[in-house]
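The residues making up each chain are set out below.
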Amino acid sequence: MTNLQNKIYPNDEKGKLYNPYKEPVKVVIIGYVLFSIISLCYALITGNYNGDFINSRVNLNLFGLLIAFIISTIPYIVLYKFYTLFSKKKSKWVVFLNPKILYPITVAIFLIHIALGFLFGVGRAGGDEYSVPSVIKPIIQIMIRISPLTWGTILLMVIDKKEYSKIIFIIFLFMLLGIARAAFGFVSLIIPILFIKYYLEIRHYFNKHKIIIVICAMLLPPFVRFGYEARSHLRGDNYDLPDDSMSLVCGKLVGRLSSFSNTAILIEKAPQYIIAAKNLDPLFFERGMLSAVSQYFAVENRPERILMLDEQVPENSSFILGTGGIMIFSLYVSPETLVVNFILVLLIYFVIFKLCSLYKNPFGATIAVLLLLGPTLSGVAGEYFLNVILICFAILLISLVNNWINHKKVIVKNEV
C-alpha cells in the first residue's frame, strides 16, 4: 500500500470519511463546464462557433444554443454524480500501490513508448501509418494496452507531493512522449492531476499573491500560440492560427476543451445529419468500443469521421462529437440506439469507477475521474472502452509485481 493509502483519513464532524480530493475534483469538473459557458458566450459575442468549427457562422437561435450548452454539460454532471457516490464507497478488496515499485515500472513504460514514437512513429498524430519489423509488432500490441498516460496518472497521484525531482521527471517524460507523438493533449491531463494533488498549496499561494493570476492570464496567449506552433512544426503542417488573443484562447484552445460547438452544429444542421445518420451502422458505438480490442470491429463511416457540412472547412477535416453529441447522433439513428448507447456510457462509467475502487476510495474514485475526462470530452467509444482495458491491465500488472517482489497476496481485503 502506498504512503497515501496507508493513512486512515480522519472523520468529519458527522462521522463520515473525510475526502481530501472532493473540492479540487469539483473545481476541475466545474472548469470543464466553464469551458462550455465560454464557448456559448464566444458564439453569442462573435457570431462564430469555436473549436473545430471556428470559421462557421452561428445560425442557431438562443434557445438552440442553450439546448446545446445543456447537452454538452450533462456528461460532466453525471461524472461528478458517479464520483460523489463512489468516493464514499468502501471496496471489499484493494490493490497495493507502492511508489517504489510503480516508479521504475512507469518510467520503463514511458521510455518504451517514447522510443516507439521516435523510431517508428507509433501513436504519432497527423503522420502516416507506421511500418515496423514483424518482430516489433507483438511488442507494440502489448504496449498499446499498457498506456503511459494511465500509469503516469496513477504515479503522479500516489507519489509523495514533496518528491519534486521524481514528479518533475515524470512530467518531463509526459512532454517527451508528446513530442514523439506530435500531440500535446497530455497537458490537459497533467494540469488537473497537479491541481488536485497540490490544491491546498495552490489555493493558499494565489490567495496571498492575487497579482500572479493577472500575470498568468497575460502570459496565456503567447504560451498557447507557442504550443500550437510547436505542434504544427512537429507535424509538418501549416496550421493557421488566429491573430487576436481572444480568438486564440477562447476560439481555439477553449474550443478544443469543450464539445459545445460540435453539439450546436449537430442541432443546427439536423436535417443533413439525420440523413447522414441513416447510413450508419446502428451498432456504431458498440463496434467503436470493440475496435479498442481489434480493428476488425471498426467501422469506416462513424460519426467522428463524418465531415462537417460547411464549405469553409478543409476537405479532410473531421471532428469529435463529445459524449452529448454522440447521444444526439444516436437519436438521429433511432430512439432505440439512443437508449442503448446512453445505458452503455453509464455502464462504462460504473465499470471504471468500480475497477478504480480497487485503488481504495476516495483515491480510486479520483483516478477514475481523471481517466474519464478525456473520453467524456471526446465521446469516442474506443477511448471509453480502452480505458477499461488499460485499467484492467494496470491492476493485473501491479498486483502480479507486488506478489512477485513482496510475496504478498495479489489483491488483499480492505480492513479500513
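Small disclaimer: the values here were computed from a predicted structure and weren't measured. (Residues numbered from 1 in each chain as written. Predicted model: local features only at pLDDT ≥ 70, side-chain atom pairs only at ≥ 80, totals over all residues. Heavy atoms only, no water.)

Relative to the 38 Å expected for 26 residues at 1.5 Å per residue, helix α10 (residues 210–235) spans 38 Å between its end C-alpha atoms, a close match to the ideal helical length. In α10, a bend of some 35° at Leu 220 exceeds every other bend along the element, and Pro 221, a proline, comes one to four places later. Regarding α10, the residues found buried are Pro 221, Val 224, Tyr 228, Arg 231 and Ser 232. The inward-facing, buried residues of α10 contact α11 (245–256). Of the residues flanking the end of α10, it is Gly 236, one or two places downstream, whose phi is positive at about 70°. (Helix = DSSP H or I, 4+ residues; strand = E, 2+ residues; numbered from the N terminus. Expected span 1.5 Å × (residues − 1). Bend = angle between axes of the 7 residues up to and from the residue. Buried < 20%, exposed > 50% of the residue type's maximum accessible area, 1.4 Å probe, protein only. Contact = heavy atoms within 4.5 Å.)

So, on to the packing of aromatic side chains. Following the criterion strictly, the structure yields 16 aromatic pairs and no others. Relative to Phe 86, the ring of Phe 82 has its centre 6.4 Å away and its plane inclined at 10°; by these criteria the two rings are stacked. Of this pair, Phe 82 and Phe 86 both sit in helix α3 (residues 62–86), four residues apart, which is roughly one turn of that helix. When its relative accessible area of 15% is taken as the criterion, Phe 82 is described as buried. Overall, Phe 86 belongs to the buried group, its relative accessible area being 4%. Plain terms: the ring middles of Phe 169 and Phe 172 are 6.3 Å apart, the flat faces sit at 25° to each other, and that makes the pair stacked. Linking Phe 169 with Phe 172, this pair stays in helix α7 (residues 164–181), spanning three residues, or about one helical turn. For Phe 172, a relative accessible area of 41% puts it in the partly exposed group. The rings of Phe 82, Phe 86, Tyr 349, Phe 350, Phe 353 and Tyr 384 are connected pair by pair, giving a single aromatic cluster. If you follow Lys 166 out to its NZ or CZ, it ends over the ring of Tyr 103, 5.0 Å from the centre. (Phe/Tyr/Trp six-rings, centres within 6.5 Å; stacked < 30°, edge-to-face > 60°. Lys NZ or Arg CZ within 6 Å of the ring centre and 35° of its normal.)

On the surface, Lys 22, Lys 26, Lys 81 and Lys 88 cluster together into a positively charged patch. One can find Lys 26 in helix α2 (residues 22–46). With relative accessibility at 43%, the residue Lys 26 sits in the partly exposed group. (Patch = residues over 30% accessible without salt bridge, like charges linked within 9 Å, V, L, I, M, F, W, Y side chains within 5 Å. Areas by Shrake-Rupley, 256 points an atom, 1.4 Å probe, with all protein chains shown as cover. Salt bridge = Lys/Arg side-chain N within 4 Å of Asp/Glu carboxyl O. Lys, Arg positive; Asp, Glu negative; His and termini not counted. Charge placed at Lys NZ, Arg CZ, Asp CG, Glu CD.)

Moving on: the nonpolar core. Grouped together as the largest cluster of nonpolar side chains are 104 residues, with contacts concentrated most on Phe 285, Phe 353 and Tyr 359. In terms of residue count, helix α17 (residues 363–378) provides more of this core than any other element does, 10 residues in total. (Core = buried A, V, L, I, M, F, W, Y, C linked by side-chain atoms within 4.5 Å.)

The next point concerns the pattern of salt bridges. Counted under the stated rule, the structure contains five salt bridges. With a closest N to O distance of 3.1 Å, Glu 23 and Arg 203 form a salt bridge. Of this pair, Glu 23 sits in helix α2 while Arg 203 sits in helix α9 (residues 199–208), and the two are 180 residues apart along the sequence. Ionic pairing is found between Asp 52 and Arg 256, a salt bridge with its closest N-O pair at 2.4 Å. With Asp 52 in the loop between α2 and α3 and Arg 256 in helix α11, the pair connects residues that are 204 residues apart, well separated along the chain. Taking relative accessible area as the criterion, Asp 52 reaches 23% and is therefore assigned partly exposed.

Axis angle and axis distance: for two packed helices, these are the angle between their axes and the distance between the axes, and together they describe the pair. Closest axis-to-axis distance for the helix α12 (residues 260–268)/helix α15 (residues 322–333) pair is 9 Å, and the angle between their directions is 20°. By the angle between their directions, the pair α12 and α15 is classed as roughly parallel. Taken as a pair, α12 and α15 cross one another with a handedness that is left-handed. Where α12 approaches α15, its residues Thr 263, Leu 266 and Ile 267 are matched on the opposing element by Gly 325, Ile 328, Phe 329 and Tyr 332. When the residues that make up the contact of α12 with α15 are grouped by side-chain class, the tally is five nonpolar, two polar and no charged. (Axes fitted to C-alpha atoms, helices over the stretch in contact; angles between N-to-C directions. Parallel < 35°, antiparallel > 145°, perpendicular 65-115°, else oblique. Left-handed = near helix turned anticlockwise from the far one by under 90°. Nonpolar A, V, L, I, M, F, W, Y, C, P; charged D, E, K, R; others polar.)

Another point: the confidence of the model for the protein chain. When pLDDT drops low, the exact placement of atoms in the prediction is not to be read closely. Taken as a whole, the protein chain shows an average pLDDT of 85; of its residues, 88% reach a score of 70 or greater. Within the model, the stretch residues 1–13 combines pLDDT values under 50 with 28 contacts to residues more than four positions away or in other chains. (pLDDT = per-residue confidence, 0-100.)

On to a nonpolar patch on the surface, then. A cluster of nonpolar side chains, Leu 44, Ile 45, Leu 62, Leu 66 and Met 246, forms an exposed patch at the surface whose accessible area comes to about 480 Å². Counting only elements with at least two residues in the nonpolar patch, the list comes to α2 and α3. As for its position among the elements, Leu 66 is in helix α3. Since its relative accessible area comes to 38%, Leu 66 is described here as partly exposed.

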